[in-house]
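Here is how the chains run, residue by residue.
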Amino acid sequence: MYYTTRVVLRVKNFDAIIVGGGLAGLSSGLELTSRGKSVLLLEQESVVGGRTSSYNLEGMDVESGFHRYIGYYTYLPKVLRKAGVDLSDIFMWEEKIHVRINDEKPLVLGMAPLLGMIKTIKGVVGNQKYLSLKDKWSLLSFFMNGLKDYVKKPGKLDHYSIKEYAAKHGVTDRAFHF
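Residues numbered from 1 in each chain as written. Predicted model: local features only at pLDDT ≥ 70, side-chain atom pairs only at ≥ 80, totals over all residues. Heavy atoms only, no water.

**A word on the overall build of the protein**
Stage number 1. Looking only at helices and strands, the protein features nine helices and six strands.
Stage number 2. Out of the 178 residues belonging to the protein, those deemed buried represent 28%.
Stage number 3. Across the protein, contacts joining residues at least 24 apart in sequence account for 40% of those joining residues at least 6 apart.
Stage number 4. As presented, the protein carries roughly 12900 Å² of accessible surface, and 60% of it is formed by carbon and sulfur atoms. (Helix = DSSP H or I, 4+ residues; strand = E, 2+ residues; numbered from the N terminus. Buried < 20%, exposed > 50% of the residue type's maximum accessible area, 1.4 Å probe, protein only. Contact = heavy atoms within 4.5 Å. Areas by Shrake-Rupley, 256 points an atom, 1.4 Å probe, with all protein chains shown as cover.)

Structure, rendered in structure tokens:
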């Protein structure tokens with residue numbers, strides 16, 4: 001449910017007005033306020049964060065912020081540090097994740113290829129019920145290229161959504177969905 005409120009503001013009370021509370025708007029606001037400027041930030045949604053906010057995709061709730069925090073994206077941690085956020089207070093490395101599909105037993109995937117290689121391999125080898133060999137194979141290019149780009153050109157990853165990067169590297173629709 002959205003509420004509309006009419007507010008009359010005197011623009012001359014602000015040094016800058018930022019329209020949009022996504023990462024660009026929030027980063028701009030942080031830069032300006034750190035320089036002593038008075039800022040008004042306007043956001044049409046009920047929460048700020050833009051593409052890092054949670055959303056619903058075809059009936060499935062997606063925690064989008066997680067995709068920005070897992071380490072492949074470089075700018076968000078820099079902005080958070082500048083805002084005085086201690087990353088260790090909000091980030092933690094998960095060795096595995098549980099994915100619940102309907103009311104079935106959770107699918108368990110290893111998520112730490114460098115720190116938990118055996119769990120990661122078990123996740124790739126198992127779970128045939130949801131992911132075929134072709135689906136798993138399509139994920140290999142995605143993860144290997146993600147790791148390569150993270151090491152060689154980390155800023156490059158900030159220009160893609162997870163979906164765009166998956167499509168670029170041939171991830172099957174089924175693998176992306178699950």
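Here the narrative resumes, following the displayed structure.
**Some words on the packing of helix α1 (residues 23-34) against helix α3 (residues 75-82)**
Stage number 1. Interaxial distance between α1 and α3 falls to 11 Å at its minimum, and their mutual angle equals 35°. Classified by chirality, the crossing of α3 by α1 is left-handed. Contacts between α1 and α3 involve L23, S27, L30, E31 and S34 from the first element and L76, V79 and K82 from the second.
Stage number 2. In terms of residue class, the contact of α1 with α3 is made up of four nonpolar, two polar and two charged. (Axes fitted to C-alpha atoms, helices over the stretch in contact; angles between N-to-C directions. Left-handed = near helix turned anticlockwise from the far one by under 90°. Nonpolar A, V, L, I, M, F, W, Y, C, P; charged D, E, K, R; others polar.)

**Remarks on the nonpolar core**
Stage number 1. With ten residues, the main nonpolar core is built from Y130, L131, L139, F142, L157, I162, Y165, A166, V171 and A175.
Stage number 2. Breaking this core down by element, the ones donating at least two residues are α6 (133-152) and α8 (162-168).
Stage number 3. With three residues, α8 is the single largest residue contributor to this core. (Core = buried A, V, L, I, M, F, W, Y, C linked by side-chain atoms within 4.5 Å.)

**Some remarks on the packing of aromatic side chains**
Two aromatic rings are characterised by how far apart their centres lie and by the angle between their planes.
Stage number 1. A full pass over the atoms with the stated rule returns three aromatic pairs.
Stage number 2. Look at F142 and Y165: their rings are 5.7 Å apart centre to centre, the planes differ by 65°, and that puts the pair in the edge-to-face class. Taken together, the positions of F142 in helix α6 and Y165 in helix α8 put the pair 23 residues apart, joining distant regions of the chain.
Stage number 3. Here F142 falls in the buried class, since its relative accessible area comes to 10%.
Stage number 4. Taking the centre distance of 5.5 Å and the plane angle of 65° together, the rings of Y160 and Y165 count as edge-to-face.
Stage number 5. Through a chain of ring-to-ring contacts, the aromatic side chains of F142, F143, Y160 and Y165 assemble into a single cluster. (Phe/Tyr/Trp six-rings, centres within 6.5 Å; stacked < 30°, edge-to-face > 60°.)

**Description of the confidence of the model for the protein**
Any residue range with low pLDDT should be treated as having predicted coordinates unsuitable for detailed reading.
Stage number 1. The predicted model of the protein has a mean per-residue pLDDT of 76, with 64% of residues at 70 or higher.
Stage number 2. Least confident of the elements in the protein is helix α2 (residues 64-69), whose mean pLDDT is 55; most confident is strand β1 (residues 16-19), at 94. (pLDDT = per-residue confidence, 0-100.)

**Looking at the side chain of D135**
Stage number 1. The residue D135 is located in helix α6 in this model.
Stage number 2. Beyond its immediate stretch of four places on either side in the chain, D135 contacts Y130, T172, R174 and A175.

**Here's the deal with α3**
Stage number 1. Within the sequence span of α3, burial applies to L76, P77 and L80. The arc that holds the buried residues of α3, viewed along the axis, is 95°, so those residues lie on one side. (Arc of directions from axis to C-beta.)

**Focus on the pairing of β1**
Looking along a regular strand, one sees the side chains alternate between the two faces of the sheet.
Stage number 1. Burial of β1 is one-sided: the residues A16 and I18 facing one way are buried, the residues I17 and V19 facing the other way are not.
Stage number 2. The sheet contact formed by β1 and strand β2 (residues 39-42) spans four bridges and is parallel. By the bridge assignment, A16 is partnered in β2 with V39.
Stage number 3. For the crossover from β1 across α1 to β2, the handedness is right-handed. (Pairing = 2+ DSSP bridges. Right-handed = clockwise from strand over helix to strand, strands pointing away.)

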